[in-house]
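For reference, the chains in residue letters:
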Amino acid sequence: MAKSSADDAELRRACAAAVAASGARGEEVTFSIRVAKGRGIFEKLGRLAKPRVLALTVKQSSRGEANKAFLRVLKYSSGAVLEPAKLYKLKHLTKVEVISSDPSGCTFVLGFDNLRSQSVAPPQWTMRNIDDRNRLLFCILNMCKEILSYLPKVVGIDIVELALWAKENTLTIDNQVSTQDGQETSAVTQTERKVTVTVENDLVSQAKEEEEDMEALLDTYVMGIGEADAFSERLKQELVALEAANVYQLLESEPLIEEVLQGLDAASATVDDMDEWLRIFNLKLRHMREDIASIESRNNGLEMQSVNNKALMEELDKLLERLRIPQEFAASLTGGSFEESRMLKNVEACEWLTGAIRSLEVPNLDPCYVNMRAVREKKAELEKLKTTFVRRASEFLRNYFSSLVDFMISDKSYFSQRGQLKRPDHADLRYKCRTYARLLQHLKGLDKSCLGPLRKAYCHSLNLLLRREAREFANELRASTKAPKNPAVWLEGSNGSGHNGSSADTSTVSDAYSRMLTIFIPLLVDESSFFAHFMCFEVPALVPAGSPNVNKSKSGGNDADDDLGLMDPDGNDLKPDSTSAELGTLNEALQELLDGIQEDFYAVVDWAYKIDPLRCISMHGITERYLSGQKADAAGFVRKLLDDLESRISVQFSRFIDEACHQIERNERNVRQTGILAYIPRFAVLASRMEQYIQGQSRDLIDKAYTKLVSTMFATLEKIAQSDPKTADIVLIENYAAFQNSLYDLANVVPTLAKFYHQASESYELACTRHISSLIYLQFERLFQFNRKVEELTYTIAAEEIPFQLGLSKTDLRRVLKSSLSGIDKSIGAMYRRLQKTLTSDELFPSLWDKCKKEFLDKYESFVQMVSRIYGNEPIMSVAEMKEILASF
């Protein structure tokens, strides 16, 4: 038989070295053996089992604690050296199971309770033979018993056979150990022997306990375990004796049994009699129960009928109460007066009528009553009452509105009169109308279609009053305003007349327009707001509380919106979603209410324009300020009025600008224009006045006017200059210089004028350059003509060939120098006098002469450089000498 790997000391030393190399300290290898690792399913798939080494190690504790036992799995590395692969703690070993599918019995599984994944099958370990398997299992079981004081569950192997194997093979194993290992081998053998004895005792303990129980049972009988026949015979005898004793006992108790039977017969007869009586009583009780049930059924029907009749009477009484029309309400609805003292009763009657009509509708009335004849007749009667009352109330209100306004129109004290401006006051009118506000709300609830004619009647009547007030106020406002009799004239006529017209104070004109807006815009907004609330439009408040444009009514401290809150007849606030539907209708009604009043505003604007067109700027700013304060959608007509006023003011101002442009364009029709044109200084005065009148957001209006005026001025100036080419540059120089001088201060603060200032500056520089160049070429034409011809040839031929060209030889150069530079003082003096003679403004001459000298010096320096480059050392007057000559002028 081959030697087991468990006895391989070399294998054990290799395992100890691998354990020590892994960093484990104090572990002693007590057993090691070679095994094959597999997982069953992999072997079925054709994969080979892996060779492994299982080693049992013990770690000694140095602090008095219990020793620890481990099972290490070691594998072979690429160099055939053992290295640790797995480590199991034996304290977690719960089961040792021998695989039944392996007929050799050499494959087993070790089950641990701390594996991370219990769903993965544990590895299967296969030994070379049964002896190696039993030897490894005995070592594991013994370490569990000695160190951990417990044994795992053993499955698939007979414990008795394992114990017998251990007893038979312990001595054999000891004899096979080689003596050449010395003390180490004998110590291991002694340990294995102790292991075998301990495990054998534990495995056989259960069999011994069963034998001892059997022996205690047999000891109760004084016979040996081998006398089975005698024991069986004795048991039979005892059974017969027991049966005989039972029969004898029954025979002795016969008299007692007879007495019991007699008592049972008497009791049976009594029970039969009682049963007969009970049947009779049961029959009588059944008939009685039937009679009682019949009586109760009739009583229940009568009681239910009584309850139903009572409930029916109550419902009929309620229905009759709903259908009853109180006499006082009927009288108010059909023929009552609409005087102020009777309005409370009329409102109560309206509330009752509204409630009565709604109470007969399906949500408030049971559907079963809807088709009753009494209900239908009563609904028809209520509808007739509603129609009658709505017709009477509508007719009264139409007449009331008309009479109220007629009374105010007939009284002249309500309007402005000569020498007295009267602020319109509608407090009394609103107070009287407010008396019927609740009535209008109930009319809307009863018949919403009746509000259309009422709104038209109110708008028509109040429109007459507002137009009369605006016309009288505007007429008196114009009459009482002190304004210049002669209108201002701009950009036309002589300088004196234009200046005098523009210096008159016309601020009273724009103040009058501002006063017109201050009085009437808040009034129109208040009237729009009152109309929207009074006529029950479902819109929010038109003017927020605290708005500066609200004209507070003087009605003894009562707010203008008292008793006019937006509520339906039931007293519920209206939802914001319901307001958008009536905005269009409200704006149409406001158009009827306020239409025509804009004509009086237009008349004030036209009157102010005739007096001073520049006051359009102030009026435009005033209108913008009021327009920015009108944000409410329902006051749409007021905003539209302001928009129209702003447009009319813009049109009038544009008309003034167009007329000014026509005045400027008429200057080009004159036969000859010299010096500074008249509209240049007048525009500066005009721009200064325009800047003084700017208010609010009128900057865009002014900038557009500046752009149109200055563009026309520049275009006209260019046309006038082109009419006489000899003096064209002089006209441009003087006029562009005058434009810059007159607008220097304004250009620093007005961006639009600054743009035209720079444009005039550029045009001025161009005109100066052209005029100076013409003067220089006129006086020194041959000199600079020669220079220009040489410069043109430098682009086509070499520089050294130019002196040999016809007309450009050195001789020609000397002739040109002699004719041009001899008497240079006289030539420069002539140029000086010519420039001085052409200018009409002495202020421009010094700057122009300096430009002329600089331009001439630059050209002469260029000529000297050309002569030195082309003609070599040809003698010529130096630049410095020419500069000294020019400095003397």
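Before any of the text, the structure's been laid out above.
About the cut-offs
- Residues numbered from 1 in each chain as written.
- Predicted model: local features only at pLDDT ≥ 70, side-chain atom pairs only at ≥ 80, totals over all residues.
- Heavy atoms only, no water.
- Helix = DSSP H or I, 4+ residues; strand = E, 2+ residues; numbered from the N terminus.
- Buried < 20%, exposed > 50% of the residue type's maximum accessible area, 1.4 Å probe, protein only.
- Contact = heavy atoms within 4.5 Å.
- Areas by Shrake-Rupley, 256 points an atom, 1.4 Å probe, with all protein chains shown as cover.
- Pairing = 2+ DSSP bridges.
- Axes fitted to C-alpha atoms, helices over the stretch in contact; angles between N-to-C directions.
- Expected span 1.5 Å × (residues − 1).
- Arc of directions from axis to C-beta.
- Core = buried A, V, L, I, M, F, W, Y, C linked by side-chain atoms within 4.5 Å.
- Phe/Tyr/Trp six-rings, centres within 6.5 Å; stacked < 30°, edge-to-face > 60°.
- Patch = residues over 30% accessible without salt bridge, like charges linked within 9 Å, V, L, I, M, F, W, Y side chains within 5 Å.
- Salt bridge = Lys/Arg side-chain N within 4 Å of Asp/Glu carboxyl O.
- Parallel < 35°, antiparallel > 145°, perpendicular 65-115°, else oblique.
- Left-handed = near helix turned anticlockwise from the far one by under 90°.
- Nonpolar A, V, L, I, M, F, W, Y, C, P; charged D, E, K, R; others polar.
- Lys, Arg positive; Asp, Glu negative; His and termini not counted.
- Charge placed at Lys NZ, Arg CZ, Asp CG, Glu CD.

### As for the overall build of the chain
Link 1 in the chain: Assigned secondary structure in the chain consists of 29 helices and eight strands.
Link 2 in the chain: When burial is assessed residue by residue, the chain has 40% of its 889 residues classed as buried.
Link 3 in the chain: For the chain, long-range pairs separated by at least 24 residues make up 72% of all intrachain contacts whose partners lie at least 6 apart in sequence.
Link 4 in the chain: A total of about 50600 Å² of accessible surface is found on the chain, and carbon and sulfur atoms cover 52% of it.

### Overview of the sheet that holds strand E8 (residues 153-155)
Link 1 in the chain: Taken in spatial order, the eight strands make up an open sheet running E4-E3-E2-E1-E7-E6-E5-E8, and their pairing is mixed. Where the open sheet ends on each side, the last strands, each with one partner, are strand E4 (82-89) and E8. Ignoring which end each strand starts from, the neighbouring axes of this sheet average 35° apart.
Link 2 in the chain: Across ten bridges, the pairing between strand E1 (residues 27-38) and strand E2 (residues 50-59) is antiparallel. What sits directly across from Val35, in E2, is Arg52.
Link 3 in the chain: The strands touched by helix H1 (residues 9-21) are E1, E2, strand E3 (68-76) and E4; relative to E1, the strand with the most contacts, the crossing angle is about 105°.
Link 4 in the chain: Helix-sheet contacts for helix H3 (residues 130-148) involve E1, E2, E3, strand E5 (93-98), strand E6 (107-112) and E8, and the interaxial angle to E2 is about 25°.

### Quick word on the pairing of E1
Looking along a regular strand, one sees side chains alternate from face to face of the sheet.
Link 1 in the chain: Note that E1 and strand E7 (residues 124-126) share three bridges and pair antiparallel. Opposite Gly38, over in E7, you have Gln124 as the bridge partner.

### Some details on helix H26 (residues 810-821)
Link 1 in the chain: With twelve residues, H26 should cover 16 Å at 1.5 Å per step; its first-to-last C-alpha distance of 16 Å lies within 8% of that length.
Link 2 in the chain: When H26 is considered as a whole, its buried residues turn out to be Asp812, Leu813, Val816, Leu817, Ser820 and Leu821. Down the axis, H26 shows its buried residues gathered within 135° of arc, on one side only.
Link 3 in the chain: Looking at the packing, one finds that the buried side of H26 touches helix H25 (781-793), helix H27 (824-838), helix H28 (845-870) and helix H29 (879-887).
Link 4 in the chain: Gly823 lies just past H26 and shows a positive phi near 70°.

### Notes on the nonpolar core
Link 1 in the chain: Ranked by internal contacts, the top residues of the largest apolar core, which has 167 residues, are Phe653 and Phe683.
Link 2 in the chain: With 15 residues, the top contributor of residues to this core is helix H15 (residues 507-534).
Link 3 in the chain: Each residue touching Phe653, except ones within four places of it in the same chain, is listed here: Pro613, Leu614, Cys616, Ile617, Met690, Leu701, Ile702 and Ala705.
Link 4 in the chain: In this structure, Trp125, Met143, Leu162 and Trp165 belong to the second largest nonpolar core, which totals 32 residues.

### As for the packing of aromatic side chains
Link 1 in the chain: Per the stated rule, a full pass over the model turns up 24 aromatic pairs.
Link 2 in the chain: Measuring from centroid to centroid gives 4.6 Å for Tyr88 and Phe112, while their planes differ by 15°, and the two rings are stacked. With Tyr88 in strand E4 and Phe112 in strand E6, the pair connects residues that are 24 residues apart, well separated along the chain.
Link 3 in the chain: By relative accessible area, Tyr88 is classed as buried at 14%.
Link 4 in the chain: Relative to Tyr736, the ring of Phe714 has its centre 5.4 Å away and its plane inclined at 70°; by these criteria the two rings are edge-to-face. Linking Phe714 in helix H21 (residues 699-722) with Tyr736 in helix H22 (residues 728-742), this pair joins segments that are 22 residues apart in sequence. You'll find Phe714 and Tyr736 in the same group, each marked buried.

### Details of H28
Link 1 in the chain: Its 26 residues give H28 an end-to-end C-alpha distance of 37 Å, which sits within 8% of 38 Å, the value for a rise of 1.5 Å per residue.
Link 2 in the chain: Phi turns positive one or two residues past the end of H28, at Gly872, with a value near 70°.

### Here we look at the pairing of E6
Link 1 in the chain: E6 sits mainly inside the fold: six of its six residues count as buried.
Link 2 in the chain: Here E5 pairs with E6 via five bridges, running antiparallel. Looking at the pairing, Val98 lines up with Phe108 of E6.
Link 3 in the chain: Examined bridge by bridge, E6 and E7 share three bridges and lie antiparallel to one another. Across the sheet, Thr107 pairs through a bridge with Thr126, a residue of E7.

### Considerations on the environment of Ser507
Link 1 in the chain: With respect to the element layout, Ser507 can be found in helix H15.
Link 2 in the chain: When the C-alpha atoms of Ser507 and Ser618 are compared, they prove to be 9.0 Å apart, with 111 residues separating the residues in sequence.

### Some points on a nonpolar patch on the surface
Link 1 in the chain: Taken together, Ile257, Val260, Leu261 and Leu264 make up a surface patch of nonpolar side chains, about 370 Å² in accessible area.
Link 2 in the chain: Along the chain, Val260 falls in helix H7 (residues 254-323).

### What about the packing of helix H20 (residues 679-693) against H22?
Helix-helix packing: each pair is described by the crossing angle between the helix axes and the interaxial distance.
Link 1 in the chain: Running from amino to carboxyl end, H20 crosses H22 at an angle of 15°, the nearest separation of the two axes being 9 Å. Between H20 and H22, the crossing angle belongs to the class labelled roughly parallel. Judged by the twist between their axes, the crossing of H20 over H22 is right-handed. Packed against H20, whose contacting residues are Ile680, Phe683 and Ala684, the element H22 presents Asn735, Ala738, Phe739 and Ser742 at the interface.
Link 2 in the chain: Tallied by class, residues from the contact of H20 with H22 come to five nonpolar, two polar and no charged.

### Describing unusual backbone geometry
Link 1 in the chain: Of note, Ser149 is a non-glycine position whose phi angle comes to about 60°, a positive value.
Link 2 in the chain: With respect to the helices and strands, the residue Ser149 is situated in the loop between H3 and E8.
Link 3 in the chain: Exposure remark for Ser149: the relative accessible area of 57% places this residue in the exposed category.
Link 4 in the chain: At Cys536, a position not held by glycine, the phi torsion is positive, near 60°.
Link 5 in the chain: Locating Cys536 in the fold gives a position in the loop between H15 and helix H16 (583-594).

### Here's the deal with a positive patch on the surface
Link 1 in the chain: On the surface, Lys59, Lys68, Lys89 and Lys91 cluster together into a positively charged patch.
Link 2 in the chain: You can see Lys59 is positioned in strand E2.

### Section: the pattern of salt bridges
Link 1 in the chain: A full pass over the atoms with the stated rule returns 21 salt bridges.
Link 2 in the chain: For Arg699, the salt bridge goes to Asp703, with nearest N and O atoms at 3.2 Å. One end of the pair is Arg699 and the other is Asp703, both in helix H21 and four residues apart, which spans about a single turn.
Link 3 in the chain: On the basis of relative accessible area, Asp703 is assigned to the buried category, the value being 17%.
Link 4 in the chain: Between Arg770 and Asp729 there is a salt bridge whose closest N-O contact spans 3.1 Å. Here Asp729 lies in helix H22 and Arg770 lies in helix H24 (residues 751-779), a separation of 41 residues in the sequence.
Link 5 in the chain: Judged by its relative accessible area of 40%, Arg770 falls in the partly exposed class.
Link 6 in the chain: When salt bridges that share partners are traced, they join Glu691, Arg699 and Asp703 into one network.

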